Amino acid sequence: MQRDFVTRSNESFAVIAGWSYDHRWWVVLFSVFLLGGSLVLAGGAHVDASYEAYFDPRDPTYQYYEQFRDDFGSDEISYILYEAQDKEHGVFDYEVMRMIARLTEVLEEEVPFVYEVTSLASAERMDGVEEGIEIRALRDDFPKSQEELLELRERYVGEPLFVGGIVSEDARFGAIILEMDRSSTDPLDMIRLDPEGGDGLQNLYPQVTDNAIRDILARPEFEALTFHHSGDIPLNAIYNVVIAEESVVLGLATAGVVALVLLFFFRSFVGVMAPTVVVQMSVIAVVAFIAAVGWKLDLSFSGVPTLITAIGVAHAVHILSEFRARFVEIGDRREALVQTLYLVGTPCMLTSVTTSVGFASMSFVPIKSIAHMGVYSGFGVLFCFFLSLTLLLSFLSFGRKTPKMKNSEKAALQAKGGRVMSAFLAGVVRLVIRRRRAILAVSAAVVVFSVVGITKLNVDANWLNDFRDTLPLKQSTIYVDEIMGGVTNIVLLFDAGEEEGIKEPAALAEVERLQAWANTQDLVRKTYSVVDILKDLNQTFHAEDPAYYKLPESRDLVAQYLLLYESAGGSEAQEYLSSDYQRARLELRLRLDQSSETVKLVESLNAELAARPLEATTMSVTGIGKLWLKLLDHIVTSQVQGFLLAFSIICVLMCLVFRSVPVGMISMLPNLSPILLTLGVMGWAAIDLDYSKAAIAAVALGIAVDDTIHLVSRFRYEFGLSGNYEQALNAAFADVGRALLITSIALVLGFLVLLGSILVSQATQGLLLATTIVTALVADFLLMPALVLTFQPFGPEGTKRAG
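Residues numbered from 1 in each chain as written. Predicted model: local features only at pLDDT ≥ 70, side-chain atom pairs only at ≥ 80, totals over all residues. Heavy atoms only, no water.

Participant: Please set out the overall build of the protein chain residue by residue, giving values where relevant.
Facilitator: For the protein chain, the helix and strand inventory stands at 24 helices and 10 strands. For the protein chain, the spread of C-alpha atoms along the three principal axes comes to 105 × 55 × 45 Å. A total of 803 residues make up the protein chain; the buried ones form 59% of that total. With 63 positive and 95 negative side-chain charges, the protein chain shows a spacing of 19 Å between the two charge centroids. (Helix = DSSP H or I, 4+ residues; strand = E, 2+ residues; numbered from the N terminus. Buried < 20%, exposed > 50% of the residue type's maximum accessible area, 1.4 Å probe, protein only. Lys, Arg positive; Asp, Glu negative; His and termini not counted. Charge placed at Lys NZ, Arg CZ, Asp CG, Glu CD.)

Participant: How would you summarise the sheet that holds strand β7 (residues 488-495) if you had to cite specific residues and measurements?
Facilitator: In space, the 4 strands of this open sheet follow the order β8-β9-β7-β10, with antiparallel pairing throughout. Looking at which strands have only one partner, the edges of the open sheet turn out to be β8 (524-528) and β10 (618-622). On average, each strand axis in the sheet is inclined to that of its neighbour by 20°, with strand direction left out of account. (Pairing = 2+ DSSP bridges. Axes fitted to C-alpha atoms, helices over the stretch in contact; angles between N-to-C directions.)

Participant: Quick one: what's the story with the nonpolar core, residue by residue and with numbers?
Facilitator: Within the largest apolar cluster, 99 residues are counted, with the highest numbers of intra-cluster contacts made by Phe 92 and Leu 178. Top element by residues in this core is helix α4 (residues 94-110). It accounts for 9 residues. Among the nonpolar cores identified, the runner-up in size contains 96 residues, and Cys 348, Leu 350, Val 428 and Ile 675 belong to it. (Core = buried A, V, L, I, M, F, W, Y, C linked by side-chain atoms within 4.5 Å.)

Participant: An account of unusual backbone geometry is requested, with residue identities and associated values reported.
Facilitator: Note the cis peptide between Tyr 205 and Pro 206, where omega equals 5°. Its location among the elements puts Pro 206 in the loop between α6 (188-191) and α7 (207-217). Phi angles above zero are rare outside glycine, and Ala 686 is one such case at about 60°. Position of Ala 686 among the secondary structure elements: in the loop between α21 (661-684) and α22 (696-722).

Participant: So what's going on with the pattern of salt bridges? Which residues, and what values?
Facilitator: Considering all chains together, one arrives at 29 salt bridges under this definition. A salt bridge links Arg 182 to Asp 181; its shortest N-O distance comes to 3.3 Å. Residue Asp 181 is classed as partly exposed on the basis of its relative accessible area of 36%. Linking Asp 593 and Arg 591 is a salt bridge whose minimum nitrogen-to-oxygen distance equals 2.4 Å. Classification of Asp 593 by relative accessible area gives partly exposed; the value is 28%. Residues joined in a network through salt bridges with shared partners are Glu 322, Arg 326, Glu 329, Arg 714 and Asp 735. (Salt bridge = Lys/Arg side-chain N within 4 Å of Asp/Glu carboxyl O.)

Participant: How would you sum up a nonpolar patch on the surface? Please name residues and give values.
Facilitator: A contiguous nonpolar surface patch, about 430 Å² in accessible area, is contributed by Val 448, Phe 449, Val 452, Val 681 and Trp 684. Contributing elements (two or more residues each) for the nonpolar patch: α14 (418-455) and α21. For the nonpolar patch, the leading source of residues is α14, giving 3 residues. Positionally, Val 448 belongs in helix α14. On the basis of relative accessibility, which here comes to 53%, the residue Val 448 falls in the exposed class. (Patch = residues over 30% accessible without salt bridge, like charges linked within 9 Å, V, L, I, M, F, W, Y side chains within 5 Å. Areas by Shrake-Rupley, 256 points an atom, 1.4 Å probe, with all protein chains shown as cover.)

Participant: Requested: an account of the pairing of strand β5 (residues 173-180), with residues and values cited.
Facilitator: Of all 8 residues in β5, 8 are buried; the element is thus mostly enclosed. Going residue by residue along β5, you find Phe 173, Ala 175, Ile 177 and Glu 179 tucked away on one face and Gly 174, Ile 176, Leu 178 and Met 180 tucked away on the opposite face as well. Taken together, the 7 bridges between strand β1 (residues 77-83) and β5 define a ladder with antiparallel strand orientation. Note on β5: the bridge partner recorded for Tyr 79 is Ile 177. Bridge analysis of strand β2 (residues 114-118) against β5 gives 4 bridges, and the strand direction is antiparallel. Directly across from Val 114, in β5, lies its bridge partner Met 180.

Participant: Give me the lowdown on the packing of helix α9 (residues 269-292) against helix α12 (residues 368-397), citing residues and values where you can.
Facilitator: Running from N to C, α9 and α12 cross one another at 145°; their axes reach a closest spacing of 8 Å. As α9 runs across α12, the sense of the crossing is right-handed. Of the residues belonging to the contact of α9 with α12, the class tally is 22 nonpolar, 3 polar and no charged. (Left-handed = near helix turned anticlockwise from the far one by under 90°. Nonpolar A, V, L, I, M, F, W, Y, C, P; charged D, E, K, R; others polar.)

Participant: An account of helix α1 (residues 5-22) is requested, with residue identities and associated values reported.
Facilitator: One full turn of an α-helix is made of 3.6 residues, so residues set three or four places apart face in the same direction. Relative to the 26 Å expected for 18 residues at 1.5 Å per residue, α1 spans 26 Å between its end C-alpha atoms, a close match to the ideal helical length. Looking at α1, one finds that the buried residues are Val 6, Thr 7, Ser 9, Asn 10, Phe 13, Ala 14, Ala 17, Gly 18, Ser 20 and Tyr 21. (Expected span 1.5 Å × (residues − 1).)

Participant: Before we move on, can you summarise the sheet that holds strand β6 (residues 226-231) with the specific residues and values?
Facilitator: As summarised here, the arrangement of the 4 strands in space is β2-β5-β1-β6, forming an open sheet in which the pairing is antiparallel. What marks the edges here is a single partner per strand, and that holds for β2 and β6. Averaged over all adjacent pairs, the angle separating strand axes in this sheet is 20°, with direction ignored. Packed on one face of the sheet, helix α15 (residues 472-483) meets β1, β5 and β6 and runs near 95° to β6. (Contact = heavy atoms within 4.5 Å.)

Participant: Can you tell me about the pairing of β1, naming the residues and giving the values?
Facilitator: Counting buried residues along β1, 7 of its 7 residues qualify, which places the element largely inside the surrounding structure. Along β1, one buried face is formed by Ile 77, Tyr 79, Leu 81 and Glu 83 and the opposite face, lined by Ser 78, Ile 80 and Tyr 82, is buried too. In terms of strand pairing, β1 meets β6 through 6 bridges, oriented antiparallel. Within β6, the position partnered with Leu 81 by the bridge is His 228.

Participant: Please provide a residue-by-residue account of the packing of aromatic side chains, values included.
Facilitator: By convention here, two paired aromatic rings are described through the distance between centres and the angle between planes. Within this structure, the stated rule accounts for 25 aromatic pairs. Arranged with centres 6.2 Å apart and planes meeting at 75°, the rings of Phe 13 and Phe 385 form a pair that is edge-to-face. Of this pair, Phe 13 sits in helix α1 while Phe 385 sits in helix α12, and the two are 372 residues apart along the sequence. Pair check on accessibility: Phe 13 and Phe 385 agree, each one buried. Ring geometry for Phe 719 versus Phe 794: centroids 5.9 Å apart, planes at 45°, classification tilted. With Phe 719 in helix α22 and Phe 794 in the segment after α24 (760-791), the pair connects residues that are 75 residues apart, well separated along the chain. By relative accessible area, Phe 719 is classed as buried at 1%. Judged by its relative accessible area of 13%, Phe 794 falls in the buried class. One aromatic cluster in this structure is built from Phe 289, Trp 295, Phe 379, Phe 383 and Phe 386. Directly above the aromatic system of Tyr 528 lies the positively charged group of Lys 526, at a separation of 5.4 Å from the ring centroid. The ring of Phe 72 has Arg 585 lying over it, and the distance from NZ or CZ to the ring centre is 5.6 Å. (Phe/Tyr/Trp six-rings, centres within 6.5 Å; stacked < 30°, edge-to-face > 60°. Lys NZ or Arg CZ within 6 Å of the ring centre and 35° of its normal.)

Participant: Report on the environment of Ala 292, specifying residues and quantitative values.
Facilitator: Relative to the assigned elements, Ala 292 resides in helix α9. The class of Ala 292 is exposed, set by a relative accessible area of 53%. Sequence-wise, Ala 292 and Leu 41 are 251 residues apart; in three dimensions their C-alpha atoms are separated by 6.6 Å.

Participant: Lay out the packing of α1 against helix α11 (residues 333-360) with the relevant residues and their values.
Facilitator: Interaxial distance between α1 and α11 falls to 7 Å at its minimum, and their mutual angle equals 135°. By the angle between their axes, α1 is oblique relative to α11. Between α1 and α11 the crossing geometry is right-handed. Partitioned by chemical class, the residues of the contact of α1 with α11 number 12 nonpolar, 6 polar and 4 charged. (Parallel < 35°, antiparallel > 145°, perpendicular 65-115°, else oblique.)

Set out below in structure tokens:
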């Protein structure tokens with residue numbers, strides 16, 4: 001009979017096995033050189049923990065954000081809330097204020113990459129004088145006594161720009177805001193502290209900035225104050241730690257867990273060492289690939305070492321498991337390796353291709369970091385497959401040419417996992433044969449349950465929920481939000497259409513109108529704009545008369561005020577105006593909440609603009625908050641596009657490889673149910689689909705289909721020999737079933753290692769993937785055989801094929 005693709009492929013892999021055995025030293029030597037080159041390239045990889053890592057530079061939303069940063073500089077800050085417990089006058093205690101003045105000075109002088117430090121001691125205060133105005137800071141003319149400081153207290157707590165920013169309404173709390181002159185996405189030569197100190201985290205922004213702030217706040221001279229540190233700097237710093245350090249720790253932990261699983265089942269040094277070397281070389285190669293193409297290690301990378309380690313070991317388990325049985329049966333090491341790859345080489349190739357397709361399908365999604373992750377994870381899977389065919393086989397080629405135990409019933413049973421495993425697998429086969437209709441009915445019910453759950457799935461995100469409740473940064477951030485509010489923001493960017501145009505009273509009035517509207521919204525805790533400064537200036541020039549706390553009435557007066565303000569040394573207005581006075585920003589500081597609440601705010605804003613359109617300016621929404629909103633849109637697109645693309649490509653591959661549409665479709669159905677169940681459980685359990693889970697369906701499909709390919713391939717092969725479905729099922733389970741069980745155990749335990757992450761999102765992803773593997777194994781052991789026995793896609797019984 002005409003040989004099909006699978007038969008020809010099996011023969012090719014058998015040749016590769018013989019070649020790897022005959023040239024094992026050359027393979028080992030080549031692998032050493034490959035490892036050395038990978039380590040050199042991997043050493044050039046850099047970390048990017050910023051939000052911008054999620055966005056393509058061509059994304060219009062990101063381009064608006066970049067325009068905003070060009071006009072107004074870096075928007076990264078460090079926010080230090082402080083309180084003086086047991087002090088009668090709170091933060092306006094005389095000694096406390098002296099301490100804050102000193103702390104402000106130290107932060108300005110010693111914190112790397114700081115642009116400006118604003119506190120009660122350094123904030124601009126406008127005073128009217130005969131010549132016009134005078135810009136003063138409290139530290140420039142420090143009060144002589146507690147009484148004099150308390151007289152100034154009313155000025156500060158009555159200033160809208162200060163309250164909710166650097167002082168609470170009750171004056172019990174104060175804050176220090178450190179604005180940066182760098183961004184996490186700046187080129188490396190701009191964020192190195194020591195130009196000759198290398199590119200390790202401890203020499204780069206924001207790590208060096210965060211470390212300096214922590215060291216200063218811990219000094220004995222400031223121990224009378226209680227600090228709560230939050231903001232972009234500590235957040236990005238801890239993300240860097242997750243990417244650069246935790247990913248390594250979790251990857252090694254996964255390798256250790258997998259090694260223990262292999263040791264338990266194979267009880268062989270080579271059986272543990274060889275797969276471990278293969279998967280760790282693959283992880284290093286992935287990092288080298290990232291560096292070679294000019295990408296960075298971002299938040300999507302942190303779980304990849306665990307993924308590659310867990311997935312990559314599956315090839316090793318199938319090869320090791322088959323080799324043990326063949327070595328005992330044949331009695332010759334080389335021939336056992338040849339026969340092993342003849343049987344499992346093609347399934348391993350197919351699983352590598354389908355898993356890579358599952359990852360690579362994410363390369364088309366609009367979230368940049370996930371798209372990159374799809375590419376380099378797919379590369380890692382294929383690289384691991386390559387090493388499994390060469391390096392792993394070379395390791396197995398060393399040792400006795402004949403087995404210690406001769407071919408006997410006991411030796412064969414031990415090679416196939418022992419009496420308990422053989423009995424378990426035989427029991428599964430009996431269950432499927434007797435109860436296949438019940439299995440199909442239960443599976444249908446599970447699908448219905450899952451589909452209903454998917455309708456309840458909610459797309460939402462809250463970056464703070466990434467962290468465990470025990471993390472000090474999370475606790476500090478929640479406390480800051482409760483006291484001051486507004487640790488996240490969106491920015492309304494107004495464009496007057498021409499230089500100097502924002503000075504027009506009509507343009508400023510539109511900024512004022514939307515600022516007043518924003519202050520009525522429940523989500524908004526604080527607003528900032530140049531309108532506040534201009535109103536303050538107008539009141540100052542009119543002897544502090546409250547009736548003049550309003551915008552100047554003419555463009556000339558606005559220009560005059562701003563000129564006098566700048567001449568007096570004022571600089572804060574420039575934070576809200578572009579240098580050409582064409583654009584102005586209105587910053588809305590928002591309380592911590594789900595991103596869906598920000599969506600509602602923007603929708604309300606759009607409704608307000610639709611009812612009362614702007615005439616003197618155009619307005620766009622930007623800032624970090626807007627990037628999060630865009631990310632929510634991308635999540636749905638990523639999940640749907642990635643899964644449909646992966647499912648379609650894998651389904652076509654299965655049909656082509658087996659040269660049968662029925663076989664291809666039946667192979668895919670058991671893999672669809674675990675994905676549906678995972679998403680359905682997320683819906684029923686109210687687990688939000690956020691940016692960290694956007695790729696879960698496509699990735700889970702690529703992983704889950706692996707076991708199906710191995711089982712269907714062997715099932716089809718055994719049917720070709722016996723022409724009987726039940727006999728073929730027994731034979732397939734006896735040989736492949738144990739490997740599927742071992743790989744599933746290794747994968748589940750490997751993914752559960754992610755529960756140790758300080759990121760809740762990583763832990764949840766690990767738990768969901770582990771659950772998917774368990775349900776996929778159940779589907780492969782029960783649903784897939786039930787479908788094959790019912791529909792008989794390999795042909796009528798009694799039909800035998802060559803090969």
